Amino acid sequence: MSKVATRFAPSPTGPLHIGGIRTALFNWLFSKNQKGLFHLRIEDTDKERSKNEYKEQIIQSLKWIGIQPDKDEYIQSTKLKKHVEFANKLLANGFAYKCYCSEKEIEEEKKRAKQKKLPYVYNRKCRDLKETSKNIDPVLRFKSKIEGTSILNDLVQGEVKIENTIIEDFIILRKDGTPTYNLSAAIDDYEMGITHIIRGDDHKMNTFKQIQIFQSMKWNLLIYAHIPLIHTSEGKKLSKRDKASTLEDYKKIGIMPDALRNYLLRLGWSFKDKEIFTLEESIRHFNIEGIGKSPSKLDMSRILSMNEHYIKNMDENDLYNYLKKFCEKYKDKIDNKGEKIKKSLCFLKNKAKTLEDIYNNAQYIIKDKIQISPEDIKFLDNLSKKILNDFLKEFEKLSNPNKENLEKIINDLISNHKTNFKGVGQPLRIALVGSKFGPGIYDIILSLDKNDVINRLKVIT
């Protein structure tokens, strides 16, 4: 058998759907596992809706999540002349015919089928037409099989059978002479040397049509694997209208590429009981046998949990670089407080599920002046202010604040004011962070400049 070659073939008509990312990932992993090639084909033949910005977004999205094609992207619109040549060859060999039915006729047929609650199938009126109309530009239809059954031996779905009568004589060239999806996809797959097609199971009918084109051209058939679609948590098919349906929806809240890739890998695929995979492990273990037959539900809580794992276990220099880029694009630049934030990541990342959480946790460092929330200001009663004032007096005496000498001050305050750790820690946190919620009090104090601590306490006392 020839070297394994897969492809991901999106249309640049909108942002890349998360289901498309998973399809690309499965194709890429399978190719890498088999020491084969992975291709990116941009199917940009929809001239009105295709935009270069979406093409670039597709390329950058795949790159962001770690997927790189092995060759330059294949641009379908540059191959249309070749597609038309093959269409005319099908016509010359008796596998296609010119159809002169008007759009009005077709619409009436579709309406009647809908009234009868039947799927529309073209009635093949022009299939054996002897006379042609000179007043109508024809479309070119493929002459599908009308007897027997077609069988697809699918690597995921198993044996799939359909009656050939339900495969209509589909259009392969429009009236303006441009090729349609099924013709272009089949020819490109052949021309690119693709061996395996891994795509959503909503393409099964297209597969039967494309197989017939391959058979008519006497080409070796490809191997197909139709993967179940991703559903929402309510069990509906995930669409571009849903929240969290595009890669941008995840990037803007600070989901890490490795975490999302790991989650998508496990969304409908399994290997033993393993949950976390490095990139190398993903390639080594990926196989089509591990893909399930049932749709998978998108689980945001699981994505956040996976992301939390990666944030906690990542090298903090790398984590800071991700955070910096995230803030530059979606928040505010943090360069002026970068070193402080980097040194504080060891605790800022605690309980953080996203980069956005870390950014929010670091607000007391980023902002020179903090604002105390109305809900928390009420906790700063007279006793709390006295404790803060006493802390300030002792803190100003420290030449080098550290956890040891801070603990002594706080323990003395607890003893002198007959309170507990919360009685001292809570007003300090509110004064320094602006909320009773936040990092540990020693971490907060040591992450700020000594003057910042003094100035914030003076505002309260």
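Here's a quick rundown of the structure. These figures come from a predicted structure and were not determined experimentally.

Structural notes on the packing of helix α17 (residues 403–416) against helix α18 (residues 421–433)
So, point 1. The contact between α17 and α18 brings their axes to 8 Å, and the two run at 120 degrees. Classified by the angle between their axes, α17 and α18 sit oblique to one another. Two packed elements cross with a definite hand, and for α17 against α18 that hand is right-handed. Residues I410, L413 and I414 of α17 form the contact with α18, whose own contacting residues are F421, V424 and L428.
So, point 2. Grouping the amino acids of the contact of α17 with α18 by side-chain chemistry returns six nonpolar, no polar and no charged.

Some details on the pairing of strand β10 (residues 223–227)
So, point 1. Among the five residues of β10, four are classified as buried, and the element is accordingly described as predominantly covered.
So, point 2. Alignment of strand β9 (residues 196–200) against β10, held across five bridges, turns out to be parallel. Paired with H196 across the strands is I223, a residue of β10.
So, point 3. In the classification by handedness, the crossover that spans β9, the intervening helix α6 (residues 204–216) and the parallel β10 is right-handed.

Some remarks on the pattern of salt bridges
So, point 1. Applying the stated criterion across every chain yields a total of 27 salt bridges.
So, point 2. In this structure, D70 and K32 form a salt bridge, with 2.9 Å as the shortest nitrogen-oxygen distance. Taken together, the residues D70 in the loop between α2 (52–65) and β3 (74–75) and K32 in helix α1 (residues 18–33) connect sequence positions 38 residues apart.
So, point 3. The salt bridge involving D390 is made with K386; its shortest N-O contact spans 3.0 Å. Taken as a pair, D390 and K386 lie in helix α16 (residues 382–397) at a separation of four residues, close to a single helical turn.

Observations regarding the environment of K175
So, point 1. Following the sequence through the fold, K175 ends up in the loop between β8 (171–173) and α5 (181–191).
So, point 2. Distance from K175 to D137, taken between C-alpha atoms, is 5.7 Å for residues 38 residues apart in sequence.
So, point 3. Aside from chain neighbours lying at most four places away, what touches K175 is C101, E103, I136, D137, P138 and V139.

Analysis parameters
Here the residue numbers are simple positions, counted from 1 along each chain's written sequence. Per-residue local features of the predicted model are confined to residues with pLDDT of at least 70, and side-chain atom pairs are confined, for both listing and counting, to 80 or more; whole-chain, interface and lining totals are unaffected and use all residues. For side-chain calculations, the full set of non-hydrogen atoms in the structure is used, while hydrogens and water are omitted. Only C-alpha atoms enter the line fits that serve as axes; for helices the fit covers just the stretch in contact. Angles between N-to-C directions range over 0 to 180 degrees. Helix numbering and strand numbering both begin at the N terminus, where a helix is a DSSP run of H or I of at least 4 residues and a strand a DSSP run of E of at least 2. Roughly parallel here means an angle under 35 degrees, roughly antiparallel means over 145, roughly perpendicular means 65 to 115, and every remaining angle is called oblique. By convention, the crossing between two helices is left-handed when the near helix turns anticlockwise from the far helix through less than a right angle, and right-handed when the turn is clockwise. The criterion used for residue contact is that any of the two residues' heavy atoms lie within 4.5 Å. Only Asp, Glu, Lys and Arg are considered charged, only Ala, Val, Leu, Ile, Met, Phe, Trp, Tyr, Cys and Pro nonpolar, and every remaining residue, Gly among them, polar. Exposure categories follow from relative accessible area, calculated using a 1.4 Å probe and restricted to protein chains: below 20% of the type maximum is buried, above 50% is exposed, and the middle band is partly exposed. Here, a strand pair is defined by DSSP locating no fewer than two bridges between the strands. With the strands pointing away from the viewer, any crossover whose connection runs clockwise from the first strand over the helix to the second is right-handed. Any Lys or Arg side-chain nitrogen located within 4 Å of an Asp or Glu carboxyl oxygen qualifies as a salt bridge.

Functional significance is not addressed by these values, which are geometric in nature.
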